[in-house]
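Single-letter residue listing:
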Amino acid sequence: MRQIPVDTNAMTVMLIQAPEPKIKNRDTGEAATDRQSGKTLFNVNVAVIVDGRPDALTVVVAEDGIQPDLAPGMPVEFPGLVARPWENDFGHGISYRAIAVTAKSLTVAGSNGKV
């Protein structure tokens, strides 16, 4: 499967809500798991702002890659973020997957990194 690395340096990415387990089967409530590690996958819903234009998207992250103290409204980062085009009988689109989601460290403007 093709994977396209995503550079988020020119974006503001903010957490919309707390990460939630990704559901594999809506009828049974079975959670989706990573095929290689077996770890539960989580949907991380974020607002992405590029050139002042916001958009919402979901990034999938395995449970061990989620920083525990994340809160809605926080700026976040996604190490190892990739986009994966997909297509099936019901449609097509792009899914996003990352190694982790962490709070973005911010510096105070004009302080040269010193607080």
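Before going into details, it helps to say that this report is about the structure given with it. These numbers come from a predicted model, not from an experiment.

## Structural notes on unusual backbone geometry
Of note, the phi angle at D51 is positive, near 50°, even though the residue is not glycine. Within the fold, D51 resides in the loop between β6 (41-50) and β7 (53-62).

## A short note on the environment of W86
Of note, W86 is situated in strand β9 (residues 82-88). Overall, the relative accessible area of 37% leaves W86 in the partly exposed class. Between the alpha carbons of W86 and R2 there is a distance of 9.1 Å; along the sequence they are 84 residues apart.

## Remarks on the pattern of salt bridges
According to the stated counting rule, one finds 2 salt bridges in the structure shown. Salt-bridge contacts for D34 lead to R97; the nearest nitrogen and oxygen are separated by 2.6 Å. Pair noted here: D34 is in the loop between β5 (30-31) and β6 and R97 is in strand β10 (residues 91-97), with a separation of 63 residues, a long-range link. D34 gets classed as buried once you look at its relative accessible area, which sits at 15%. The residue K39 makes a salt bridge to D64 at a minimum N-O spacing of 3.2 Å. With K39 in the loop between β5 and β6 and D64 in the loop between β7 and β8 (76-77), this residue pair connects regions lying 25 residues apart in the sequence.

## Brief notes about the pairing of β10
The two faces of a sheet get side chains in turn, since along a regular strand they alternate between them. In the sheet, β7 pairs with β10 via 2 bridges, with the strands oriented parallel. Across the sheet, V60 pairs through a bridge with R97, a residue of β10. Summarising the sheet, β9 and β10 pair through 7 bridges and their orientation is antiparallel. By the bridge assignment for β10, W86 is matched with G93. Linking β9 to β10, which pair antiparallel, is a turn of 2 residues.

## Re the side chain of R97
Overall, the relative accessible area of 18% leaves R97 in the buried class. Here the side chain of R97 touches D34 through a polar contact of 2.6 Å, side chain to side chain. Excluding residues within four positions of it along the chain, R97 makes contact with D34, L41, V59, V60, A62, G80, L81, V82 and R84.

## Things to note about the nonpolar core
Ranked by internal contacts, the top residues of the largest apolar core, which has 15 residues, are V44, V46, V61, V76, F78 and V101. Those elements that place two or more of their residues in this core are β2 (12-15), β6 and β7. The greatest single-element share of this core, amounting to 4 residues, is contributed by β6.

Reading the values: the criteria
- Residues numbered from 1 in each chain as written.
- Predicted model: local features only at pLDDT ≥ 70, side-chain atom pairs only at ≥ 80, totals over all residues.
- Heavy atoms only, no water.
- Helix = DSSP H or I, 4+ residues; strand = E, 2+ residues; numbered from the N terminus.
- Buried < 20%, exposed > 50% of the residue type's maximum accessible area, 1.4 Å probe, protein only.
- Salt bridge = Lys/Arg side-chain N within 4 Å of Asp/Glu carboxyl O.
- Pairing = 2+ DSSP bridges.
- Polar contact = N/O pair within 3.5 Å; in protein donor to acceptor, adjacent residues only side chain to side chain.
- Contact = heavy atoms within 4.5 Å.
- Core = buried A, V, L, I, M, F, W, Y, C linked by side-chain atoms within 4.5 Å.

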